[in-house]
Amino acid sequence: MSYSLQMIKVLGFLVVVLLTGCSSSDWQVRALPNDAAIGAVLDDEPDLNQLHALSLQELPLVPIPKAVRPCCAFGNAQKVKVGPVPIPFFRYANTLAVDSVGPHAFEAGTFSFQKDAPNGKRGTEHNGQMYTLKGGFIDLAHVRDTADNAIALFYRIYPKLGQVQTIKLPDEIGPRVIELSAFDTSDLTPRQQWEVAAAMAVRLAYFMAEAHEVAQWHGYRSWAPWSETVSAYSPEDLYSNMLGAKIALGLINNNLAMSKELYNQHMSQWLAATLAWLEPVSIKQTNALFDAVDGHWWDSNQALPSKFMLLKRHYDLGDRQSPYLVPKSLAEQDESWQVLAPLYSNEVNSHVLSLSRIIHGVEIDTVASQKLVVADKFQASFQHIPAKLWQQGFTQADFKQISDYNRVQDELELQQHRQAEQASLEAQ
């Protein structure tokens, strides 16, 4: 997650509104029926699978988003430093209630003004974090980013499904591409081809999110003066990203993303319905839950962008993600327990998310891979990792092993950080 740009760019809000007023340029897709689709629709008993025999014409090509949305570090009302200097009386608040979530805007950036329905009012996305009983803390910027990436990837994958293709992605710690291998699609019905392309797109979009976590740990910055290591492997990140992938899968398979306007409006509705299904709590309760895990999952005594403001990190990358729910043992110790007690009156099970590895006989990871190359300026940050894992580039198959090495390094650095803090206290 990248929160720094939002804090800086907020000063230019009026300028952005006056000069741009909205997000990226429009895109739209036209689905042209093949002979098989025409034959099916004119038949007495149409074969519904053949109705999906479509060729897609893009006007223009759906762009791959160039950057993640600026949003939130884990925690609530964090202190902020610019360089070594704390900003007095400033707290960075990033929690919100479910009814404050604004309409989606493809590749929104910092500000956007969209409608959540044809007759709806225009508004901004209003990203932030909220707690849900089934999904733990959710970062809305991560949900939206992965959904956008999935849509852009689908419209590159489907028209060339089964063919060799290279899709260039925006650089982070170096060049990165998606490489698609050739495979036989002759046994797939038109509908199955659509579903295979959709499953590939959302899986690859999720792996883009995993790559971003690795990149942040190794020094990637969306704004050069501001370190983002505080956000690397944050506990809510990948669950939120996978949530976005799952929503995008529903939109693609229901043909609800054929233009930017159509996608934005349906993404807004599906996001709202998904959050409601996960049982969101009030903003007061979200803030109280952040307070309950203060000192355990994050440290409010540390100022952004201190790496060790974040104490709990999630290194368990992969296509199955479980949320972190705040245990009752921590919640009941907080001074706001009366506010939180109703949340624990009934047992609620966390909802685990997963993405398909195989669909209609196609093993996705054998035909689709994201490859990253480490640029010279980031290579020093990989010195604790065996060179064979990264020196010639690496793929999503290596993300977990690289993250395990980062886990060990983090534990060492956190121990050193705590020893330094203790020594400083003793010296006072």
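Quick caveat: nothing in here was measured; it's all calculated off a predicted structure.

Draft legend 1. Just the pattern of salt bridges, in detail. With the rule as written, the count across this model stands at 18 salt bridges. Residue R203 is joined to D319 by a salt bridge in which the shortest nitrogen-to-oxygen separation is 3.0 Å. Taken as a pair, R203 in helix α5 (residues 190-217) and D319 in the loop between β11 (303-304) and β12 (320-321) lie far apart in primary sequence, 116 residues in all. Its relative accessible area of 10% is what places D319 among the buried residues. Put simply, R69, E125, R144, D145 and D148 are held in one network by salt bridges that share partners.

Draft legend 2. Quick peek at the sheet that holds strand β17 (residues 394-395). Strand order in the open sheet formed by four strands is β9-β10-β16-β17, with antiparallel pairing between adjacent strands. On the outer flanks of this sheet lie β9 (165-169) and β17, each paired with one strand and no other. Of the pairings in the sheet, the one linking strand β10 (residues 176-180) to strand β16 (residues 368-372) comprises five bridges and is antiparallel in character. Of the residues in β16, the one forming a bridge with L180 is A368. Across the sheet, helix α4 (residues 140-157) touches β9 and β10, and the angle it forms with β9 is around 155 degrees.

Draft legend 3. Representation of the side chain of N241 within the structure. Within the fold, N241 resides in helix α6 (residues 237-253). Residue classification places N241 among the buried positions, given a relative accessible area of 3%.

Cut-offs and rules
- Residue numbers here run from 1 along each chain, matching the order of that chain's written sequence.
- It should be noted that, the model being predicted, local features are given only for residues of pLDDT at least 70 and side-chain atom pairs only at 80 or more, the latter also being counted only at that level, while totals for whole chains, interfaces and linings use all residues.
- Based on all heavy atoms of the structure, the side-chain values leave hydrogens and waters out of the count.
- The term salt bridge refers to a pairing of a side-chain nitrogen on Lys or Arg with a carboxyl oxygen on Asp or Glu at a separation within 4 Å.
- Secondary structure follows DSSP: runs of H or I at least 4 residues long count as helices, runs of E at least 2 residues long count as strands, and numbering of each begins at the N terminus.
- Note on classification: 1.4 Å probe, protein chains only; a residue is buried when its accessible area is under 20% of the maximum for its type, exposed when over 50%, partly exposed between these limits.
- By definition, two strands form a pair when at least two bridges between them are found by DSSP.
- Note on contacts: a residue pair is in contact if any heavy atoms of the two residues lie within 4.5 Å.
- Angles shown run from 0 to 180 degrees and are taken between the N-to-C directions of axes, each axis being a line fitted to C-alpha atoms and, for helices, limited to the stretch in contact.

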